[in-house]
Amino acid sequence: MKVLVVGHGAREHAIVAALSRSPQEPRIFAYMATPNPGIVRLAEDWSEGPLADIVALAGYARRIKPDLIVFGPETPLAAGAVDVLEEKGFPCVGPRRALARIEADKAFMREFMTRYIGRGYPRWWTFSDLRALEDHLRSHPASVLKPIGLTGGKGVRVLGRQLSDLEEALDYARSFIERDGKILVEERLEGEEFSLMVFTDGKRCLPMPLVQDYKYAHEGDTGPMTGGMGSFSCTDHLLPFLSPTDFEIALGIVEETVVKLRKATGVPYRGILYGQFIRSHEGPKVIEFNVRFGDPEAMNVLAVLVSDPVDVFASIAAGNLVSEVEFAREATVCKYLVPRGYPEAPEVGRSFTLPLEELEAAGIEVYFASVREEDGRYLTTSSRSVALLSRGPTPAEAKARLESILEKTCPPELYYRRDIPRLDPIA
Ligand code: GLY
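Residues numbered from 1 in each chain as written. Predicted model: local features only at pLDDT ≥ 70, side-chain atom pairs only at ≥ 80, totals over all residues. Heavy atoms only, no water.

**Q** Before we go on, may I ask you to explain the side chain of Asp308 in this structure?
**A** Following the sequence through the fold, Asp308 ends up in the loop between helix 11 (297-303) and helix 12 (309-317). Nearest to the buried, unbridged Asp308 among oppositely charged side chains is Arg21, at 9.5 Å. Of note is the side chain of Asp308, whose polar atom sits 3.0 Å from the side chain of Gln24. A distance of 2.9 Å separates a polar atom in the side chain of Asp308 from the backbone nitrogen of Val310. Once you skip the residues sitting within four places of it in the chain, Asp308 turns out to touch Ser22, Pro23 and Gln24. (Helix = DSSP H or I, 4+ residues; strand = E, 2+ residues; numbered from the N terminus. Buried < 20%, exposed > 50% of the residue type's maximum accessible area, 1.4 Å probe, protein only. Lys, Arg positive; Asp, Glu negative; His and termini not counted. Salt bridge = Lys/Arg side-chain N within 4 Å of Asp/Glu carboxyl O. Polar contact = N/O pair within 3.5 Å; in protein donor to acceptor, adjacent residues only side chain to side chain. Contact = heavy atoms within 4.5 Å.)

Structure, rendered in structure tokens:
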């Protein structure tokens, strides 16, 4: 069995690591925009090319003839890679372009939810005219601005937080109206956020353990938004602030979304669907949908995946999802180490080392994100460098184990958030 994984981050390193644990011993190949040292070590062969370059990706696929292609990031999905590769006969784990709009076009996402789901979303508006937006923001100061198109997870801005005043909000909106033609504005919801990811063949959904992701750069949820600084999951696969009913409501929304997306587009959704929710005082509401594993959430769930990922992925691509997916009853904590100054002024090209054997001996899993490797040392880029994952019988124990090793081993060129996860009311 040959499996081609597309993408080069820690999420894709986690996918490759999970595949490499399969008893079927698949032959692993990778298509990456930049070589990931962890994937390079585990893959039989890899090719370098832009993620949205479908011609280059299809050319590599024709050369290696994979039995299965697993997509990590949203960029090739939004560009229509699955449409092209499925037509060439390659089974794919990832949705076609028309479905990937649920992440790539936030106005489509809200129109779809309003028309087909009818619940579980905030009040929303789109604006292409700055004067109309200004009037709206004056009368709705509790607003969130969201670019319509992809921003690598860093586009959301809250008025009064990352956007300090109306002038800054209008400047921000102007750049995205120029890029996308309009901007999405939503009412600001308060509550705990959570990530619910499912495996789906377009008919049924199998949920993964719930994860909470921390997006702010600095402790106390301050500073700019990032792609995610860390995440955790619990032994019971729920989260301490969510009731089983909240989980059922959120899962019901995701399941209905899968079914109704087929109705809206005529195409079955085969891949990972990730609902990012907030537990508002009115119950769970969708902040956004993503058409892939979350990053860092992929590390939390794949670390405890007991079922054979080859079987799970192959069943998705075949449109005949396995009947169940098993996850170990362990808590996980993941933390990203990022370059000093990240995300606004990252110190790029700083050389650092990691005591990989010491980390492994302490039971810590290492997933490389965006680093270059040179002579046994790693160089920072402008993105997150490496994700470390710890498990335990409770999130508190997994966190303590990770903290104690990080205090000794975190390279001075990198930083991480000590307060992930927030465990105050959590056992
Ligand atoms: N953890 C946020 C994301 O993957 O978009």
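**Q** Which parts of the structure should I look at to understand the site of the ligand?
**A** Contacts to the ligand come from Asp213, Lys215, Gly227, Tyr274, Asn290, Arg292, Gly294, Asp295, Pro296 and Glu297. A distance of 2.9 Å separates an oxygen atom of the ligand from a polar atom in the backbone of Asp295. When the free accessible area of the ligand is taken as 200 Å², the share hidden by the protein chains comes to 94%. Residues belonging to the shell around the ligand are distributed by class as follows: two nonpolar, three polar and five charged. (Near = heavy atom within 4 Å. Areas by Shrake-Rupley, 256 points an atom, 1.4 Å probe, with all protein chains shown as cover. Nonpolar A, V, L, I, M, F, W, Y, C, P; charged D, E, K, R; others polar.)

**Q** Which parts of the structure should I look at to understand the layout of surface pockets?
**A** Any empty space left between atoms is shown by rolling a water-sized probe over those atoms. Counted as a void, the second largest pocket has a volume near 390 Å³. If you go around the second largest pocket, you meet 17 residues; those closest to its centre are His13, Glu360, Ile364, Glu365 and Val366. By residue number, the principal contributor to the lining of the second largest pocket is strand 18 (residues 365-368), which donates four residues. Considered class by class, the residues forming the lining of the second largest pocket number seven nonpolar, four polar and six charged. (1 Å grid on protein atoms, 1.4 Å probe; cavity = no way out; pocket = protein on both sides within 12 Å on 5 of 7 lines; lining within 4 Å. Points joined across faces, edges and corners; volume = space filled by probe spheres on them.)

**Q** Would you mind showing me how to read the sheet that holds strand 4 (residues 68-71) here?
**A** Strand-to-strand pairing in sheets goes through backbone hydrogen bonds, with the strands running parallel or antiparallel. In space, the five strands of this open sheet follow the order 3-2-1-4-5, with parallel pairing throughout. Among the strands making up the open sheet, the edge pair consists of strand 3 (45-48) and strand 5 (92-93). Helix 12 contacts strand 4 and strand 5 of the sheet and is inclined by roughly 95° relative to strand 4. (Pairing = 2+ DSSP bridges. Axes fitted to C-alpha atoms, helices over the stretch in contact; angles between N-to-C directions.)

**Q** Help me understand unusual backbone geometry in this model?
**A** Among all residues except glycine, the phi angle is most often negative; among peptide bonds, the trans geometry is most common. Of the consecutive residues Tyr342 and Pro343, the connecting peptide bond is found in the cis state with omega at 0°. Mapped onto the elements of the fold, Pro343 is located in the loop between strand 16 (331-339) and strand 17 (351-352). Of note, the amide linkage connecting Ile420 to Pro421 takes the cis form, showing an omega dihedral of -10°. Its identity is not glycine, yet His237 carries a phi of approximately 70°, on the positive side. Along the polypeptide, His237 turns up in the loop between strand 13 (222-233) and helix 10 (244-265). Not every positive phi belongs to a glycine, and Asp375 is a case in point at roughly 50°.

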